[in-house]
Amino acid sequence: MKKFKIILVIAIIAISESLYAQQTPAPKQTEAVTIVGATAHIGNGETIEYSLIIFENGKLTQVLDARTTKMAYRGKIINAEGKHIYPGFIAPNTTLGLVEVAAIRSTDDQKEIGEMLPHIRSLIAYNAESGIVESMRPNGVLIGQITPRGGTISGTSSVVQFDAWNWEDAVIKEDDGLHINWPNSFTHGKWWEGEERGMKLNKKYEEEVSKLSRFFNNSKAYLAGNQKKTHLPYKAMENVFTGKKKVFVHVDGEKEILDAIQFKKDQNLTEMVLVGAYNAHKVADKLKENNIAVLAQRPHSKPNQDDDDYDITYKMAKILQEKGVLVGLESSGQMETMNTRNLPFYAGTVAANGMDKEEALKLITSNTAKILGIDAIVGTLERGKDATLFISEGDALDMRTNKLTHAFIQGREISLDSHQTKLYKRYSDKYKSQKK
Amino acid sequence: MKFKFLPFILFLAGFGIQAQQYFPQNDGVKSVNTNYTVFKNAKIHIDPNTVIENGMFAIKSGKITAIGKSISIPENSVQIDLEGKEVYPSFIDIYSEFGIKKPVKAESDNNQPQYDAGREGYYWNDHIRPETNSAKLFTFDKADAEKLQKIGFGAVNTHFPDGIIRGTGMLVTLNTEGTEGDRILKDRSAQYLSFDKSVQSRQSYPTSIMGAMALLRQTYLDANWYPKGNAQYNDLSLEALNKNKDLIQIFKTDNLLDVLRADKVGDEFGIQYVIFGSGNEFEGLKEIKNTNATLIIPLDFPDAYDVENPFLANYVSLQDMKRWNQAPANLKMLAQNEIPFVLTAYNLKDEKKFKTNLLKAISYGLDKKAALAALTTTPAKILGQENKLGVLKEGAWANFLITSGDFFEEETILYENWVQGQRKVLENINRVNLAGNYKLKVSGNEYDLKITGKPGSPKVEVKLAETKIKSKITYEDTWLNLLLSSVDTTKTEFIRLVAKIPSKTDQISGKAILNNGSETTFTAIKTGDASSLDDKKKNDIYDVLPVTFPNMAYGFDVLPKQENILFKNATVWTNTKDGVLENTDVLIQNGKISGIGKSLNAGNARVIDATGKHLTSGIIDEHSHIAGSSINESGQNSSAEVSMEDAIDPTDINIYRNLAGGVTTVQLLHGSANPIGGRSAILRLKWGSTANDMIFEAAPKFIKFALGENVKQSNWGSTSRFPQSRMGVEQVYMDYFSRAKNYEQTKKSDKNFRKDIEMETLVEILNGERFITCHSYVQSEINMLMKVAESFGFRINTFTHILEGYKVADKMKEHGIGASTFSDWWAYKYEVKDAIPYNAAIMYDAELTVAINSDDSEMSRRLNQEAAKSVKYGDVPEEEAWKFVTLNPAKLLHIDQYVGSIQPGKDADVVLWTGHPLSVYSKAEKTLIEGVVYFDLEKDLKMREDIARQKNLLTGQMLQEKNKGEKTKPVVKKEEQDIHCDTLEIY
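Since the structure is predicted, the reported quantities are computational estimates derived from the model, not experimental observations. (Residues numbered from 1 in each chain as written. Chains lettered and ligands numbered in written order. Predicted model: local features only at pLDDT ≥ 70, side-chain atom pairs only at ≥ 80, totals over all residues.)

The subject of this paragraph is the domain arrangement of chain A. Residue and element names in this part refer to chain A. Each domain of chain A was delimited in the assignment, giving domain 1 (19-88 + 379-436) and domain 2 (89-180 + 208-376). Here the C-alpha centroids of domain 1 and domain 2 sit 27 Å apart. Between domain 1 and domain 2, the contact holds 35 residues from the first and 35 residues from the second. Contributing elements (two or more residues each) for the side of domain 1 that touches domain 2: β7 (84-87), β18 (389-392), β19 (404-409) and α14 (419-435). Considering each element in turn, the side of domain 1 that touches domain 2 owes the most residues, three residues, to β19. A per-class count over the side of domain 1 that touches domain 2 returns 15 nonpolar, 17 polar and three charged. (Domains from an automatic or database assignment. Contact = placed C-beta atoms within 7 Å. Helix = DSSP H or I, 4+ residues; strand = E, 2+ residues; numbered from the N terminus. Nonpolar A, V, L, I, M, F, W, Y, C, P; charged D, E, K, R; others polar.)

Have a look at this one:
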């Protein structure tokens, strides 16, 4: 056993040593930047074909049509004619920075044990130097809601930007949301014990839902009292009831969604967001009626059932949007952490299936910013907002043309290099030198 | 009262237990009963096709001695008059576990997989148990025997249901009076097999269907080799298997695909199995018929799902709903297609369901004669007992049923089941059927009386005018008791009626005892017939939905046909030196591309306007795990003997979804559990076709190898299998290929050599007849395998995944090895920490043949986008990036002379895209394979409507079923599983 421990320690040291050296975070913006000539995709549905964008001290100061406005260029000037400029993409419900190599347990901080864990905070485990986080940036994904997994109430998420020395520097909105894994009407059958294969009815569903209610009710009762004895989980619910902490319900089934809506009413919650929500389109009217937003399951996932439309995941966001539901895209699922960099292409896929491209862009910018409650700061290219944006040579929602030349977070020009680009260069050079 | 039993006692005297002829008698004088019993005036079903009206037969000592219209009646005979009754041969069940104790499950003591056999002196694999002799495990179970007799069976072929080869079964009668000596008609009456492992051993191998098939094949080969005298040891299993060779071989399967798989193995070794089917044979009648097998069909139909709750109902798949709807028609369809079958009560949880289900099958069109044959003559014939069982003729066992009429009618009562001349009374033959409507007059009141139900268990409804009266009826022996409550239900007042039932029941009269205790008389006069059935239980039949191909959502009503098509005015990605051609026509004829050019003449071809659209060759996925029933045979570190062609599942919905993503060909690879994996199946995604028809015939042979964390089981918690390190992996290859070389030598020199399927496969590799595609990640091991191959004089064809290919691209180029990689996956395990999305671009620059693969059924349906990522990461020219998912994988699979480009003469495997094929905004609009349109956006929309319509219809039927009071089962939701290289079990 001891030997094993030593090996483990050596392995951990070896891993952490050899893993990626992170790009150095960019310093605070000191000089104004002017970007001219790019097609600006504002993120609210609008575009400016030949734009003039200026930002200073980390904030956007001008977003104008360069052809109709005369405005003095300021500071560093970037000619972006023929290129495209976008607000930084926002990845909600992601485990970025919580896990480095999924198969190695020692690098995995995604979930805690226990059931009701509102006090578990993702932020403090967020690894700002993660090589996976770094790999988001060359694709335009610059902001993420770092979300714990596990438990019924899995914990509290925070929103961060992806160029920071540590989690404290990274934070955009601390403890923004409480995440609930809603109970499921189905449970795995024990086929190895001879039960029929597939998922069978979960007889404890009602009980599991009522446990949630009880936890919420107990929290309220505790908070209404003198709180002489500290109860960390109940205490962590405080901002849920004040409305500061949004409630994100991870749920798929139609019945479960309806139950969650009822839960919102019963608990008098001001804001609820559904995450994943595979069957949300079936109850879209109810969601709109109750002012519930949806972070739709990533379009690059399979239909849940044989009978479903092959393109159901491609078009889910479109159906919800047409019904007036506020909708963004999330990226959880298999290989979710590293795949989050494909977020722009998830939006592109929705556009391929009938949504207007600028509307599709909102699914990963302004809509998500609204859903996360950070729309005053980020999510669009509008005056006064953070200069968190990037320039792409072409349409950033299409992998064919998503090629970043510049990216800025809070006005700071960040590196687009990564562990991966370094290896690319290193081995390209190797073969170039062989050819000489 | 006692006198009523007299007739039975007389009978018993007639057919008492026979003393065994040469056994001493220690408890009295030795007496042998040689009396005859003669049955007269019966309608006798000699066999399904021969009926004697008003016939007679005689039995003695358990056998029929004479039968016919008229036979001479011996003097010493007891006669029984069966006027109005019918006689059938008792049924035979050839698939049974009757009298056999359940096998004891082996428990683990260390939670590690067990790779070696647990036995000595037997075959190397514990799941091969031909030496099992069920006669040694048999104890007659009287209670079970009576249950079976009650539903009509007289004899069963029983066995010990454990293992892949399960040993011999035996034929036994259900005679509850005799001794084992009487009952056991034949020891070693058949050999039983299945694809299920023995529960008595934890030995890992085989973990998959293809492993089970390979094991069977190798066992047969070894059994042939063993007697030649080269074995250095005694193997009781192989000896037993050889001894069992000439027996009937009965193969248990669980589903349609396994029926075909069993037959495939049988055909290879000249064995025709009798195959236990699933009841879903109607989904593949043509293939079933081609097996030439007699099928054993469990007389069991699925219950309807409880779909009352619409939220839950949504989760039931169309496939499950259709199977419920269609299954009752299965037997009819088998009979219509002249597919021989027998019926079994095996697995029926409730034996009462036997007759219910039989009648259901008949109401769905099964011919009664076919039903009777399936229970009598056909099973008898299989067992070689056609003159002894299942038929009523001289010399046959006196196994017969006495019924009140046509057995296959619901009202019919099965009175007696005689087995080996021993009478088993099931219903009193003298009891009169009271069912009917009566006017009951008692004490000045006239009641309406309605009697239903079986004679032995009648039910009654009584009304006084329109008021329902609580009542209770009992009918025992020949006495009827009827209890009527008072109209006023608050009072505890009763009228009691009692009557002796005459042989004709138009009028019943007897004594009435009123609530005040006074006695009077009553009469009940029959006014009409009432069905003896409960009205609601009537066997309604539902409209049976047509079987589609496959029989599930998005299945075709009729398989699509090859078409001649002219694509007009498309942007054509030729993948040839012609590059991308604008405004070009492509003509498809007879499954081939026949012309490319401007303004082509359509001739008789359908013209499709492709203006603004792009036409490409179909996408080829070099690394796929769709359409597989199993992926890994992880029971051994080499599994070269297994073939994915054995494990094809043509009903995987991912086939359809891949077509919707423009994929036409995939290599269904074995998983990455072992350094030497299994052989590939290269498939054309001909949705709706059979597994066999999907195989890309012209494709060469391939095998999957694997390196890295999976083969050393780094992430699986198992530490007992070699290799556990990359160092060991090299030695696995050295070992196997050295042995393969030696094997080839021996094969040449020794005509009695032991044929080894695994070695045969490796020899093919050594001789360049089989290509390797090797799952690989880090550069050290990639380099290693190239060197190993070199030292044995062959080369690796493809490194798949090859995530560090960019580090050794020069070496791969030197060895002439191709690369098939992911576009951008990384970081999911340690060995992919250096995986970079620029990998394809660097390898392309190094002039390797580069493909982008999926290994994932989600990614595979948008491989065009994955190819496009090579444009983003590393600036690969678009035409070349497109080849990453078309021409290049075709080259890697050596099928580029057929597919992978748009050129006259090549197969018409093409895709029409709504736009630029590399763009995220484009969708596959039509996907063709050999000129057949397998996916069409418009047709897809129609199919969706169809699915909704059919589900709605079937939901209605299921609700009706529940309303009728039939049993329903709770909804089960099928799990969509993400299947990859490292998937060990598909559930």
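Additional details are given in the paragraphs that follow.
Interface size is commonly expressed as the accessible area that is lost once the parts come together. If you look at the interface, chain B gives 55 residues, while chain A gives 49 residues. If you list the elements that add at least two residues to the side of chain B that touches chain A, you get α8 (310-313), α9 (318-326), α14 (653-659), α19 (809-815), α20 (839-845), α21 (863-872), α24 (937-963) and β44 (972-973) of chain B. Looking at the side of chain B that touches chain A residue by residue, the class counts come to 30 nonpolar, eight polar and 17 charged. With two bridges joining them, strand β13 (residues 199-201) of chain A and β44(B) adopt antiparallel strand pairing. Following the sheet pairing, A:M199 is matched in β44(B) by B:K973. (Pairing = 2+ DSSP bridges.)

Residues and elements named next belong to chain B. Within the secondary structure, E697 is located in the loop between α15 (691-694) and β35 (701-706). Taking the C-beta count within 10 Å as the criterion, E697 has 9 such neighbours and is therefore assigned exposed. Each C-alpha atom, one on E697 and one on I682, is 8.3 Å from the other, the two residues being 15 residues apart in sequence. (Buried ≥ 20, exposed ≤ 12 C-beta atoms within 10 Å, placed from the backbone.)

A few words now on the sheet that holds β44(B). The pairing of strands in a sheet happens through backbone hydrogen bonds and is either parallel or antiparallel. Overall, antiparallel pairing links the three strands, which are arranged β12(A)-β13(A)-β44(B) in an open sheet. Each of the sheet's edge strands pairs with one partner strand only, and the pair in question is β12 (186-188) of chain A together with β44 of chain B.

Now for the domain arrangement of chain B. One can read the domain layout of chain B as domain 1 (91-369), domain 2 (436-530), domain 3 (553-617 + 900-930) and domain 4 (619-897). Measuring from the centre of the C-alpha atoms in domain 1 of chain B to the corresponding centre in domain 3 of chain B gives 48 Å.

Next up on the list: the packing of helix α16 (residues 726-749) of chain B against helix α17 (residues 757-766) of chain B. Residues and elements named next belong to chain B. Contact pair α16 / α17: the axes reach a minimum separation of 9 Å and the direction vectors enclose 95°. Between α16 and α17, the angle is such that the two are roughly perpendicular. In contact with Y736, F737, R739, A740, K741, Y743 and E744 of α16, α17 contributes M759, L762, V763 and L766. Residue classes in the contact of α16 with α17 are distributed as eight nonpolar, no polar and three charged. (Axes fitted to C-alpha atoms, helices over the stretch in contact; angles between N-to-C directions. Parallel < 35°, antiparallel > 145°, perpendicular 65-115°, else oblique.)

The share of residues in chain B with pLDDT of 70 or more is 96%, and the mean pLDDT across the chain is 93. Scored as a complex, the prediction yields pTM 0.93 and ipTM 0.94. (pLDDT = per-residue confidence, 0-100.)

Counting residues in hydrophobic clusters, the biggest one holds 380 residues, and the most contacted among them are A:L274 and A:V294. Top element by residues in this core is helix α4 (residues 209-225) of chain B. It accounts for nine residues. With residues up to four places along the chain from it excluded, the contact list for A:V294 reads A:L274, A:A277, A:A280, A:L287, A:L320, A:V325 and A:V327. The next biggest cluster of nonpolar side chains, apart from the first, holds 21 residues, and it includes B:Y438, B:L480, B:A512 and B:A524. (Core = buried A, V, L, I, M, F, W, Y, C linked by C-beta atoms within 7 Å.)

Turning to the sheet that holds strand β33 (residues 676-679) of chain B, a few remarks are in order. Residues and elements named next belong to chain B. Read from one edge of the open sheet, six strands run β33-β35-β36-β37-β38-β39, paired in mixed fashion. Looking at the sheet topology across the chains shown, the edges are occupied by β33 and β39 (850-852). Each adjacent strand pair in this sheet contributes to an overall mean axis angle of 25°, direction not counted. For β33 and β35, the ladder comprises two bridges, and the chain directions are antiparallel. By the bridge assignment, I676 is partnered in β35 with F705.

Residue and element names in this part refer to chain B. Counting buried positions over the six residues of strand β6 (residues 91-96) gives six, a clear majority of the element. Taken together, the four bridges between β6 and strand β7 (residues 153-158) define a ladder with parallel strand orientation. Note on β7: the bridge partner recorded for D93 is V156. Each parallel crossover has a hand, and the one from β6 via helix α2 (residues 142-150) to β7 is right-handed. (Right-handed = clockwise from strand over helix to strand, strands pointing away.)

This part is about the environment of B:Y828. By secondary structure assignment, the location of B:Y828 is in the loop between β38 (818-821) and α20. Excluding residues within four positions of it along the chain, B:Y828 makes contact with A:A102, A:A103 and A:M335.

The next thing to look at is the environment of B:D896. Residues and elements named next belong to chain B. Along the chain, D896 turns up in the loop between α23 (887-892) and β40 (910-913). A tally of 20 C-beta atoms within 10 Å means that D896 is categorised as buried. For the pair D896 and D144, spaced 752 residues apart in sequence, the C-alpha separation works out to 63 Å. Contacts of D896, omitting those with residues within four sequence positions, involve L887, A890 and K891.

Next up on the list: unusual backbone geometry. Residues and elements named next belong to chain B. Following F549, the chain continues into P550 via a peptide bond in cis, with omega recorded as -10°. Along the polypeptide, P550 turns up in the loop between β25 (519-528) and β26 (565-573). Unusually for a residue other than glycine, N347 sits at a positive phi of about 75°. Mapped onto the secondary structure, N347 falls in the loop between β14 (341-344) and α11 (352-363). With a phi close to 60°, A627 is a non-glycine residue in the positive phi region. Judged by local crowding, A627 falls into the buried class, with 25 C-beta atoms found within 10 Å.

Residues and elements named next belong to chain B. Taken together, the four bridges between strand β41 (residues 924-929) and strand β42 (residues 932-936) define a ladder with antiparallel strand orientation. Note on β42: the bridge partner recorded for K926 is D936. Taking the residues that link successive antiparallel strands as the turn, the β41-β42 hairpin has two residues, and the phi of E930 there is positive, at about 50°.

Further remarks concern the confidence of the model for chain A. In the predicted model, chain A carries a mean pLDDT of 94, and the fraction of residues at 70 or more is 94%. For residues 8-19 of chain A, every residue scores under 50 in pLDDT, and the model assigns this stretch seven contacts once sequence neighbours within four places are set aside.

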